[in-house]
Amino acid sequence: MHYQFYHGEDFESILKELKGVKPRFKRFERTEIYTEGITVGKYNDVVFVISEEPLSLSKSPIGVLKVEFDERVSLENGTLKIDRRDEKTLFDYIPSLFSEYFKIKALFSEIHSYTEKLSKYEDEVSQEIKMMTNVALSEDIESFENALKGISRRHYELLSWMCTLKRLEIEVSKSLTNFKMIARDDVFNEIYGNFEFQLRYYKTIRESFEKTLNRLSELFQMISLKLDAVRNKEYMEMQKKTSALQVAAGVIEFLAVFYYTLKSWEYFVNLEDVPKVLIFTLLTLFTVSVVWLTEGLSEVMIKRKVTKKVVFLSVLISVTFALMVNVTSFSKFLELLASLLSS
C-alpha cells in the first residue's frame, strides 16, 4: 500500500483530480475518510491518499510512505513494515502518526533553511556591530543618527526572523507531543528521540542569535545615551551663547533707549540749570523701567495675564516721566529741601 500526504488546502484539488472514486464517509478516532477504492482522508490540517499503487498528482506531497506487512514493525528507507492490517491501523493509526511525522520533517527543513540564512545574516550584523562600536567613540551627531537607523533596521529584521523561528519551534513541539501520544510501537521511540535532539539543537542555535539581538539592543542604548550627551553638551553651549547674546542685546537696548530718551528730553525741556546727577538718575531710572517693562509685556502676552511686575513698572515709568517733564521745578524743590536739612 502507498500513502501520500499533502497540505490541507490541497483537499479539493486532489478530489477533483481523482475522478471516479466513490464517496464514503467514515470517522475514526483521529481521522476522517471521504472516499473508497483510492482512499482520501484528513487528519487535522493534513490530507492523505491511500492506494495500491503510487499515484502521480499535480500537487507535491509533503511525504510519501510505502507500507508492507511483516511480523516485525520497522521503518527503513521510506518503507513501513507493520504486523497488523486492520481498518483502524490502516486508516487511523498510520495516517495520523505519519501526518505528524512528515509535518515535523517539513518544519525541520524550513527551520534549517531559516537557520542557514540567519547564520549568514548574523555574520553581517557582527561585522556592523564592530564598525558601529567605533562610531560610539566619536562625537559626531550625524554619525550617531545614521548608526541608530542602521541598528534599528538590523534589529527589526533579525527579530522578525527570530519570531518566525520561534513559531516553527512551537509547531514542532506540538507535533512532537502528538507523535508521541499516537505512537505505540517501540520503533518510533528512537525516531521521537532523534526529533527531540534536533529540536534542542535548533533551539541552541536560536539562542545564539538572541545573543546577537541583545548585543544590538545594548549598542543601540549606548549610542542613544552618547547622542543625548553630545546633544546636551551642544545645547548647553548654545544656551551660553544665547545668554551672552541676550545680555549684549539688553545692553544695546538700554543704550539705545537711554540715548534717544536723552535727545528727546533735551528737545522738549531745558536741562541747562538741572544738576547732571539728577538728569542721569532720572534718565537711568526711566530707561531701566522701559527695558524691564518690555520683558514684562512679553510675559503678559505668553501667560495672557497682567502681572504685578508690569503694574509696578508702569507706575514707576509714569512717575519718572512726570518728574522728567517737570525736572526744573523738581530740581528747585530738591535744592530747597537740601538747604532746609542743612540748616
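Just so you know, these numbers come straight off a predicted model, no measurement behind them. (Residues numbered from 1 in each chain as written. Predicted model: local features only at pLDDT ≥ 70, side-chain atom pairs only at ≥ 80, totals over all residues. Heavy atoms only, no water.)

Let's talk about the overall build of the protein chain
Within the protein chain, the regular secondary structure consists of seven helices and eight strands. Here the protein chain has a C-alpha radius of gyration of 45 Å; the compact-globule value for 343 residues is 20 Å, and the former is much larger. In the protein chain, buried positions account for 37% of the 343 residues. Across the protein chain, the fraction of contacts at a sequence separation of at least 24, relative to all contacts at a separation of at least 6, is 69%. (Helix = DSSP H or I, 4+ residues; strand = E, 2+ residues; numbered from the N terminus. Rg over C-alpha atoms; globule rule 2.2 N^0.38 Å. Buried < 20%, exposed > 50% of the residue type's maximum accessible area, 1.4 Å probe, protein only. Contact = heavy atoms within 4.5 Å.)

Comments concerning unusual backbone geometry
The phi torsion at N44 lies on the positive side, around 50 degrees, for a residue other than glycine. For N44, a relative accessible area of 55% puts it in the exposed group. Not every positive phi belongs to a glycine, and N77 is a case in point at roughly 55 degrees. Assignment of secondary structure puts N77 in the loop between β7 (74-76) and β8 (79-82). Using a relative accessible area of 83% as the deciding quantity, one classes N77 as exposed.

Comments concerning the sheet that holds β7
Strand order in the open sheet formed by eight strands is β2-β3-β4-β5-β1-β6-β8-β7, with mixed pairing between adjacent strands. Both outer strands of the open sheet, β2 (22-27) and β7, are each paired with one neighbouring strand and no more. This sheet shows a mean twist of 20 degrees between the axes of neighbouring strands, independent of strand direction. (Pairing = 2+ DSSP bridges. Axes fitted to C-alpha atoms, helices over the stretch in contact; angles between N-to-C directions.)

Comments concerning the nonpolar core
Residues Y3, L65, L80, I94, F98 and F188 are the most contacted members of the largest nonpolar core, which totals 58 residues. Going through the elements one at a time, β1 (2-7), β5 (46-51), β6 (63-69), β8, α2 (87-135), α3 (141-182) and α4 (187-268) are the ones with two or more residues in this core. Looking at which element gives the most residues to this core, the answer is α2, with 17 residues. Setting aside chain neighbours within four positions, we find L80 in contact with L65, K66, V67, E68, V73, S74, L75, I94, F98 and F188. (Core = buried A, V, L, I, M, F, W, Y, C linked by side-chain atoms within 4.5 Å.)

Structural notes on the environment of D83
With respect to the helices, strands and loops of the structure, D83 is situated in the loop between β8 and α2. Here the alpha-carbon distance between D83 and R72, two residues 11 residues apart in the chain, equals 5.9 Å. Apart from the residues within four sequence positions on either side, D83 is in contact with D70, E71 and V73. A distance of 2.8 Å separates the side chain of D83 from the side chain of R84, its partner in a polar contact. (Polar contact = N/O pair within 3.5 Å; in protein donor to acceptor, adjacent residues only side chain to side chain.)

Things to note about the pattern of salt bridges
Throughout the structure, instances matching the rule amount to 16 salt bridges. Residues E87 and R24 are paired through a salt bridge, measuring 3.0 Å at the closest nitrogen-oxygen approach. Remark: R24 occurs in strand β2 and E87 occurs in helix α2; sequence separation between them is 63 residues. The shortest N-O distance in the salt bridge between E196 and R200 comes to 4.0 Å. Of this pair, E196 and R200 are both found in helix α4, four residues apart, which corresponds to roughly one turn of the helix. With relative accessibility at 32%, the residue E196 sits in the partly exposed group. Judged by its relative accessible area of 46%, R200 is partly exposed. (Salt bridge = Lys/Arg side-chain N within 4 Å of Asp/Glu carboxyl O.)

Examining the packing of aromatic side chains
A complete count under the given rule lists 17 aromatic pairs for this structure. Taking the centre distance of 5.7 Å and the plane angle of 50 degrees together, the rings of Y101 and F195 count as tilted. Within this pair, whereas Y101 is found in helix α2, its partner F195 is found in helix α4, the two being separated by 94 residues in sequence. With a relative accessible area of 13%, Y101 lands in the buried category. Among the aromatic residues, those joined into a cluster by ring pairs are Y3, F5, F98, Y101, F102, F108, F179, F188, F195, Y201 and Y202. The residue whose ring lies beneath K42 is F11, and the NZ or CZ to ring-centre distance is 5.3 Å. (Phe/Tyr/Trp six-rings, centres within 6.5 Å; stacked < 30°, edge-to-face > 60°. Lys NZ or Arg CZ within 6 Å of the ring centre and 35° of its normal.)

Overview of a nonpolar patch on the surface
Where nonpolar side chains cluster on the molecular surface, the patch consists of V306, V311, V315 and V319 and spans about 340 Å² of accessible area. Locating V306 in the fold gives a position in the loop between α5 (276-303) and α6 (308-325). Residue V306 is classed as exposed on the basis of its relative accessible area of 57%. (Patch = residues over 30% accessible without salt bridge, like charges linked within 9 Å, V, L, I, M, F, W, Y side chains within 5 Å. Areas by Shrake-Rupley, 256 points an atom, 1.4 Å probe, with all protein chains shown as cover.)

Observations regarding the pairing of β6
Bridging between β1 and β6 involves four bridges; their strand directions are antiparallel. Residue pairing for β6: Y3 is matched across the bridge by L65. With four bridges joining them, β6 and β8 adopt parallel strand pairing. Paired with V67 across the bridge in β8 is L80.

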